[in-house]
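Residues per chain are reported as follows:
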Number of protein chains: 4
Amino acid sequence: MIVKMRRVATEREIHAVEQRLSELGYNTGKLTGTDHTLIGVYGDISQLPHADISKMSGVEQLIQISRKYKRAAQKGDPLNLIYSSFNIGNVPIGDSLVVIAGPCSVESEAQIVASAHMAKEAGAHVLRGGVHKYRSSPYSGWEGIGSESKKALKKGLDMIVKAGREVDMPTAVEILDHTTIPLFEDCGVDCLQIGEPNSRNTVLLNELRNTELPVIHKRGHSLDAEEYLLWVERMMVRGKENIILCERGIRSHTKYTRNTLDLGTVAAFHYQLTGLPVAVDASHGSGIRDLVHPLSVASVFAGASVLIAEAHPNPMIAKSDGFQALYPEQLSNLIRAATAAWKLRENMKDLYIPSRALEQTYESRVDEDAAHFFGE
Amino acid sequence: MIVKMRRVATEREIHAVEQRLSELGYNTGKLTGTDHTLIGVYGDISQLPHADISKMSGVEQLIQISRKYKRAAQKGDPLNLIYSSFNIGNVPIGDSLVVIAGPCSVESEAQIVASAHMAKEAGAHVLRGGVHKYRSSPYSGWEGIGSESKKALKKGLDMIVKAGREVDMPTAVEILDHTTIPLFEDCGVDCLQIGEPNSRNTVLLNELRNTELPVIHKRGHSLDAEEYLLWVERMMVRGKENIILCERGIRSHTKYTRNTLDLGTVAAFHYQLTGLPVAVDASHGSGIRDLVHPLSVASVFAGASVLIAEAHPNPMIAKSDGFQALYPEQLSNLIRAATAAWKLRENMKDLYIPSRALEQTYESRVDEDAAHFFGE
Amino acid sequence: MIVKMRRVATEREIHAVEQRLSELGYNTGKLTGTDHTLIGVYGDISQLPHADISKMSGVEQLIQISRKYKRAAQKGDPLNLIYSSFNIGNVPIGDSLVVIAGPCSVESEAQIVASAHMAKEAGAHVLRGGVHKYRSSPYSGWEGIGSESKKALKKGLDMIVKAGREVDMPTAVEILDHTTIPLFEDCGVDCLQIGEPNSRNTVLLNELRNTELPVIHKRGHSLDAEEYLLWVERMMVRGKENIILCERGIRSHTKYTRNTLDLGTVAAFHYQLTGLPVAVDASHGSGIRDLVHPLSVASVFAGASVLIAEAHPNPMIAKSDGFQALYPEQLSNLIRAATAAWKLRENMKDLYIPSRALEQTYESRVDEDAAHFFGE
Amino acid sequence: MIVKMRRVATEREIHAVEQRLSELGYNTGKLTGTDHTLIGVYGDISQLPHADISKMSGVEQLIQISRKYKRAAQKGDPLNLIYSSFNIGNVPIGDSLVVIAGPCSVESEAQIVASAHMAKEAGAHVLRGGVHKYRSSPYSGWEGIGSESKKALKKGLDMIVKAGREVDMPTAVEILDHTTIPLFEDCGVDCLQIGEPNSRNTVLLNELRNTELPVIHKRGHSLDAEEYLLWVERMMVRGKENIILCERGIRSHTKYTRNTLDLGTVAAFHYQLTGLPVAVDASHGSGIRDLVHPLSVASVFAGASVLIAEAHPNPMIAKSDGFQALYPEQLSNLIRAATAAWKLRENMKDLYIPSRALEQTYESRVDEDAAHFFGE
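Computed from a prediction, not measured in an experiment: that's the story for all the values here. Note on numbering: residues in each chain are counted from 1, in written sequence order. For naming, the first written chain is A and the first written ligand is 1, with later ones following in the order written. Local features are withheld for residues below a pLDDT of 70 in this predicted model, meaning they are given only at 70 or higher, and side-chain atom pairs are given and counted only at 80 or more; totals for whole chains, interfaces and linings count all residues. Note that the side-chain values use all heavy atoms of the structure and ignore hydrogens as well as water.

Thoughts on the side chain of E247(C)
And then number 1: Only DSSP runs of H or I reaching four residues or more are called helices, and only runs of E reaching two or more are called strands; each is numbered from the N terminus. Its location among the elements puts E247(C) in strand β12 (residues 243–247).
And then number 2: By definition in these notes, contact holds between two residues if any of their heavy atoms fall within 4.5 Å. Each residue touching E247(C), except ones within four places of it in the same chain, is listed here: R219(C), T260(C), L261(C), D262(C), V266(C), A279(C), V280(C) and D281(C).

As structure tokens, this is what we get:
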């Protein structure tokens, strides 16, 4: 970390900051620039105590140097990236393409059973379906079959788990209320999903530290890459590892698509920032059914290893978000296309050359090339 | 509501939509345009059933005409706006300027007592202070004196309530966990605050329907005016009325200020969209201590009747967010300035003329003026 | 178009609007809703005269129904999309993958010749290179070899055209000043590029109507899909057709990537909104060299048929934007990967099923499915 | 400036960077942290040559420490801010409130004369009016009385200048085309305005360096504070000083207001970043006529000393943007309210205490207060 002093900071102020840091046990260094003095603070600053030096007289700004998220961070170096892997039920995550598909919500036993068969036949790996939904309007009329009580929640969870087992698929269900984690566990749900509006729900994230179930944590609309990873880190601080990142659109000025699917950040996650598996939910990320196919396939190349797609045996009668649910044929074809794309990505892996592998070669040619190009 | 049919929709498809709507008990009308047929649906559509016409064959889009939020909506007309009013403790909200001030967090009994005296002497009306904080990083080190357990939470709530009573000020405290509402009530907290990250926490909002305490609901970073009012509406659907809106910055591309304080939307709330009182929190809205004063005073003119300001008896030793906390002298001066601004706003009320009051006059002069300007 | 009257509009006001529209030669229809009266205006409204009804007494809002851009709009229907095609030099655009590659700027004759060979050997189709650059800071030190005068501009243009011809590649060069269009034409540049900061430069766009050269028009940071297409339309109103759209990142709250590459809108352009070819510039769209490869390949699946990539024979000595320029090996591998991706996309074309092809089938099953799922 | 080396950078790479910087004549310092080595570069780096160290092997990032804009930057220190002042015609800018008012566009001689009288009588100081307009759609039908040719432009400029002189008001007119600067000068226009879409028009800004006329430079929708000041700086690099900043809304996710008026950045400009006068255009900043009054008054408190407001003698027949133009009575009342607000702001100047004035006092009490609050 660097402490940047104000342009008008006095010697006394600079010294006071150094002394305080020293008292706190930190080693420091100093750069005395033309405008500003900078004080470098060495070592792990995650425990920097409360009486924070940012408030000391003459201090202008603290500049972060190392990444604030430690556990969620990429472990390898650019030439040898290390990725984590774990399971949802019996489905391995990270090393092969996984498609999580199903309806926006569990609507009835017959509907979720039909959905399970649809997903299985299309080639999906995990069955999804909401039991208690968040809705942006209180007048939407349908908040899920399990929205009214814990009893209703249990009934809905039982339905989807049973449907999943019938076709031998693990299940992923969104959780809204931290007090219902044991219920999700008891009902045999295989993966918990945190919806976008709860992306920064402190209490829910804190409690999820304690479950062994894998968690899909959807990125909040307003979170930059590093902010998001710090919220993910909140679940990881005590050792939880089985977390799937999920890009499902950020909020920007675009109006045609419901959200802005940020595949640049997906690529950054996969190639630079973290070793966690990355999911893309193009259904919510675009809000337009007919864009889910091309965007899902694109996501595979951007770095996703998990795709989430809403689909319904008959979207015409879906109780929620039917406008973005795929028709069964569309789901089936999407999975075929994404699988082909995954194979191609795997086959072309060696074509990706990180700059780190080339830097020294080109640096060694700088003088020669400069002479050639500029006569320098 | 209008149902916009696709450019290529068939007669059969158009007829099917009309028939479905008719079966559902809705009256309809039709406009047959050059490109699109539009079907108007009359009356209250909030109960439009699940088998939503948006998914019918040939339908392109539903266009909302009336406001989706009914209870949060402005009740009067432009020439006779109607505003709600209620109390926080013994402090009336809506009809006069109210300042809610205090530290980011309750740090100790002595600290919150000192803060209460500071706030009282500065002229603030309500004491604020966090007991269980959300933090953007799990490594921040301090999540509030009440973060560890319900017992700790109770202890912290008792502290701030006691401090408030010592100076005869009601208290406003953020709540993170829906299961602790009774505890907040029992401890005598006078107003609950929903933090920005929980702005769309369905379970928390649903539960807050049942408390009689007033609620400050902070607008989420990614919510447009109407989306935000729909989340507010979620608390109001069963009759809860004592809600204060709060603008505290949205997320945009700006980097210099921590968030973008959206005073345009504050003005829209106050002058056009809603009769609920509007608070502005310029501390979080800018993240820069030295901008809180001018932005708070500006907010009064934009339409705020409540100001929230973080202040600390000595920001240098604040355990959280000290960089944006006002020094006691700054708080005191801010309240003096804001009070003068409020008086001026009240005195100048009649200078604000809604267009509705002038439209007919200028329309009656259209021909004459057009002749004068354009010889038409 | 629909004219939405205010909730409090009088009969007289409604009638006045209808009458005015009728006088202007428009046919109208009316829907009298519970809250609002709506007046439908039929036919082509692009010539709706100045004394716009939006300002009439009692009018609340005009609601656009048809697309405002006519020439840039998709011509076919969802089952039969029609795409335009044309050439840059001898390179056909639209029907096969085209890669436009080269350095950020032409730095010397030797450098651009080396760049041309690099691009050719890597498999690129069009050579790019800036001669007069826009820079975000006036202190960048280098605004391009042609920034000082028209004579310098001519010299720079000559260099890149000559280098292109040496390897039989047409050239694409950014233009900043409308008075230099003839110079670009005379020098033999094959394609003009409008940079992102000039995306809404009225004078430049107006003048470009008159050149026969194809134009790459980069989408402005702050433009939504439809706003952007209206600026494109500005060049097309008198018949110009050979325009390439270009997504190169929008401005959102993301900080890690320099901009937010909006592939959702690329997909919307290609599959729903327009028949114009779409380019993606992942170099500017991410600002991070090591993300250009995955994002370019992803773009192909999102709907791009043109890729723009900055590359330099030795990025270590590039005079501008070297940090995002690809090394020659990286360019070569990117083109191999993108070509394979394009082939796969072409092979999988039939897997994409627009909803329009399925709607009637599923609608015919609505009753049966509803009975099965819900016992209705 | 700080050069941040990669986590995996070698000793050799670090040394090479130091050596290169040294060869270039820079003094450096070094901080060897746990993860990263940082190299500080002292002195003015604006001339740092092309073979930029950012591209050297092992370099991760350059971190800017001093402000990149030098001439636009605030000159004083927090306790003694220094503001520039100059004139538009005979109207002094900076030291008192100035209102620039008039129609969106000059429509006819009679109309601009009527507008001039309206503005004068309302108390405005400068007359505005567009002669060649940019429009977001090519189908808007009206691009200004001077859009067709230089002759038409001259005619329109003559009209507004004459109208201004009739009421003794200087004039401000938007300029779109760099080749017309002499024409604006010759016609006697007193102030040039750069519209938002041209905020980053390199050629136009470069040419404006040479005029002695004051310039209002509107902030681009997508520009953060510092990015904007760098574009302003482009005009100032050779000594031009008479520039007025103008906030007129940025592009964010808000939909209800046309743009997001960023008064937080206005406050940052006035209180922290620059000594240039700041204008606020609430007409474009909100796009809603009935919000212009409260937002303009709020802007005065946020730090604006110039207000821009669109007004029309009869907005019902305005040829462009009539929906956001004030009625004459509204303009008059707005100016009365803003003038009262300005007086109050001036009277309350001493209530604003920058933190710098308090820091040492509170720092001296840290130990005592910590002992009192925390028993430390």
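Moving on, there is more to tell.
Regarding the interface of chain C and chain A
And then number 1: Taken residue by residue, the interface counts 78 residues in chain C and 78 residues in chain A.
And then number 2: Contact between chain C and chain A buries roughly 6,300 Å² in total, counting both sides, with carbon and sulfur atoms accounting for 67%.
And then number 3: What counts as buried area is the accessible surface, traced by a 1.4 Å probe, that two parts surrender upon association, with contributions from both included. Sorting the residues of chain C by area buried against chain A places Y256(C), Y362(C) and F373(C) first, and these three jointly supply 12% of that buried surface.
And then number 4: Salt bridges, as used here, are contacts in which a Lys or Arg side-chain nitrogen is within 4 Å of a carboxyl oxygen on Asp or Glu. For the interface between chain C and chain A, the tally reads zero salt bridges.
And then number 5: Identification of polar contacts relies on pairs of N or O atoms within 3.5 Å, with a donor-acceptor requirement for protein atoms, meaning one able to donate a hydrogen and the other able to accept it, and with residues adjacent in sequence counted only if both atoms are side-chain atoms. Between the two partners, chain C and chain A, sit 25 residue pairs in polar contact (both at pLDDT 80 or more).

With respect to the relation of the copies chain B and chain C
And then number 1: A residue counts toward the fit only if its pLDDT is at least 70 in both copies, and the copies are then superposed by least squares on the C-alpha atoms of those residues. Laying chain B over chain C is done by rotating through 180 degrees and shifting 0.0 Å along the axis; what remains is an RMSD of 0.0 Å. These values place the two chain copies in the arrangement generated by a two-fold rotation axis. Distance from the rotation axis, computed per C-alpha, reaches its smallest value in chain B at H253(B): 2.2 Å.
And then number 2: Counting the interface residues of chain B, we find that 100% of their copies in chain C are interface residues as well, pointing to one common contact surface.

Let's talk about the sheet that holds strand β10 (residues 191–194) of chain C
One key point about sheets: their strands pair by backbone hydrogen bonds, in either a parallel or an antiparallel sense.
All names here are of chain C.
And then number 1: When DSSP finds two or more bridges between two strands, those strands count as paired. Here eight strands make up a closed barrel; going around it, the order is β7-β8-β9-β10-β11-β12-β13-β14 and the pairing parallel. Taking the axes of each pair of neighbouring strands and ignoring which way they run, one obtains an average angle of 25 degrees across the sheet.
And then number 2: As paired strands, β12 and strand β13 (residues 278–281) are joined by three bridges and run parallel to one another. Looking across to β13, one finds that E247 is bridged to V280.
And then number 3: The convention used is that axes are lines fitted to C-alpha atoms, helices contributing only their stretch in contact, and that angles between N-to-C directions extend from 0 to 180 degrees. Here helix α3 (residues 150–166) sits on the sheet and contacts β8 (126–128) and β9 (171–174); the angle it forms with β9, its principal contact strand, is near 160 degrees.

What to know about the packing of aromatic side chains
And then number 1: Put simply, two rings from Phe, Tyr or Trp (the six-membered ring, in Trp's case) pair if the centres are within 6.5 Å, and we call them stacked under 30 degrees between planes, edge-to-face over 60, tilted for the rest. Going through the model one piece at a time under the given rule, you end up with 18 aromatic pairs over all chains.
And then number 2: With 4.8 Å between their ring centres and 45 degrees between their planes, Y362(B) and Y327(D) make a pair best called tilted. With Y362(B) in helix α11 (residues 359–364) and Y327(D) in the loop between β14 (306–310) and α10 (328–347), this residue pair bridges two chains. Per residue, the accessibility class of Y362(B) equals that of Y327(D), and both read buried.
And then number 3: Here the guanidinium or amino end of K319(C) rests over the ring plane of F374(A), the centre of that ring lying 4.5 Å away.
And then number 4: For a lysine, the NZ atom is tested; for an arginine, the CZ atom; a charge sits over a ring if that atom is within 6 Å of the ring centre and within 35 degrees of the ring normal. Over the ring of W142(D) we find K319(D), and its NZ or CZ is 4.8 Å from the ring centre. Relative accessible area decides the class of each residue, using a 1.4 Å probe on protein chains only: under 20% of the type maximum gives buried, over 50% gives exposed, and in between gives partly exposed.

A closer look at the pattern of salt bridges
And then number 1: Tallied over the full model, the rule gives 68 salt bridges over all chains.
And then number 2: Between E109(C) and K162(C) there is a salt bridge, and its shortest N-O distance comes to 3.1 Å. Taken together, the positions of E109(C) in helix α2 (residues 109–122) and K162(C) in helix α3 put the pair 53 residues apart, joining distant regions of the chain.
And then number 3: One network of salt bridges, with partners in common, ties together R6(A), E13(A), R356(D) and E359(D).

Examining the interface of chain B and chain C
And then number 1: The partner chain C presents 42 residues to the 42 residues of chain B that form the contact.
And then number 2: Between chain B and chain C the total buried area reaches about 3,200 Å² when both faces are included, carbon and sulfur atoms providing 51% of it.
And then number 3: Along the contact surface separating chain B from chain C lie six salt bridges.
And then number 4: The salt bridge partner of R20(C) is E363(B), with a shortest N-O separation of 3.8 Å.

Regarding unusual backbone geometry
And then number 1: Despite not being glycine, D168(A) has its phi angle at roughly 60 degrees, a positive value.
And then number 2: Of note, D168(A) is situated in the loop between α3 (150–166) and β9 (171–174).

Quick word on the relation of the copies chain C and chain A
Note: a rotation about an axis with an accompanying shift along it relates these two copies of the chain.
And then number 1: Between the two copies, chain C and chain A, the superposition gives an RMSD of 0.0 Å; the rotation angle is 180 degrees and the shift along the axis is 0.0 Å.
And then number 2: In this assembly the copies share their binding face: 100% of the residues contributing to the interface of chain C also contribute to that of chain A.

Re the sheet that holds strand β12 (residues 243–247) of chain A
Residue and element names in this part refer to chain A.
And then number 1: The eight strands lie next to each other as β7-β8-β9-β10-β11-β12-β13-β14, forming a closed barrel whose pairing is parallel. Taken pair by pair, the neighbouring strands of this sheet meet at an average axis angle of 25 degrees, ignoring direction.
And then number 2: In the packing of helix α2 (residues 109–122) onto the sheet, the strands contacted are β7 (98–102) and β8 (126–128), and the crossing angle to β8 comes to about 145 degrees.
And then number 3: Contacts from helix α6 (residues 225–236) reach β10 (191–194), β11 (215–218) and β12, with the element oriented near 160 degrees to β12.

Let's talk about the packing of helix α7 (residues 263–273) of chain B against helix α9 (residues 289–302) of chain B
All names here are of chain B.
And then number 1: It is the contact of α7 with α9, at a shortest axis distance of 9 Å, that shows an interaxial angle of 30 degrees. In the packing of α7 onto α9, the handedness of the crossing is right-handed. In this structure, α7 contributes L263, V266, A267 and Y271 to the contact, and α9 contributes A298, S299, F301 and A302.
And then number 2: In terms of residue class, the contact of α7 with α9 is made up of seven nonpolar, one polar and no charged. Less than a right angle of anticlockwise turn of the near helix away from the far helix marks a crossing as left-handed, whereas a clockwise turn marks it as right-handed. Residue polarity is assigned by list, with Asp, Glu, Lys and Arg as charged and Ala, Val, Leu, Ile, Met, Phe, Trp, Tyr, Cys and Pro as nonpolar; anything else, Gly included, falls into the polar class.

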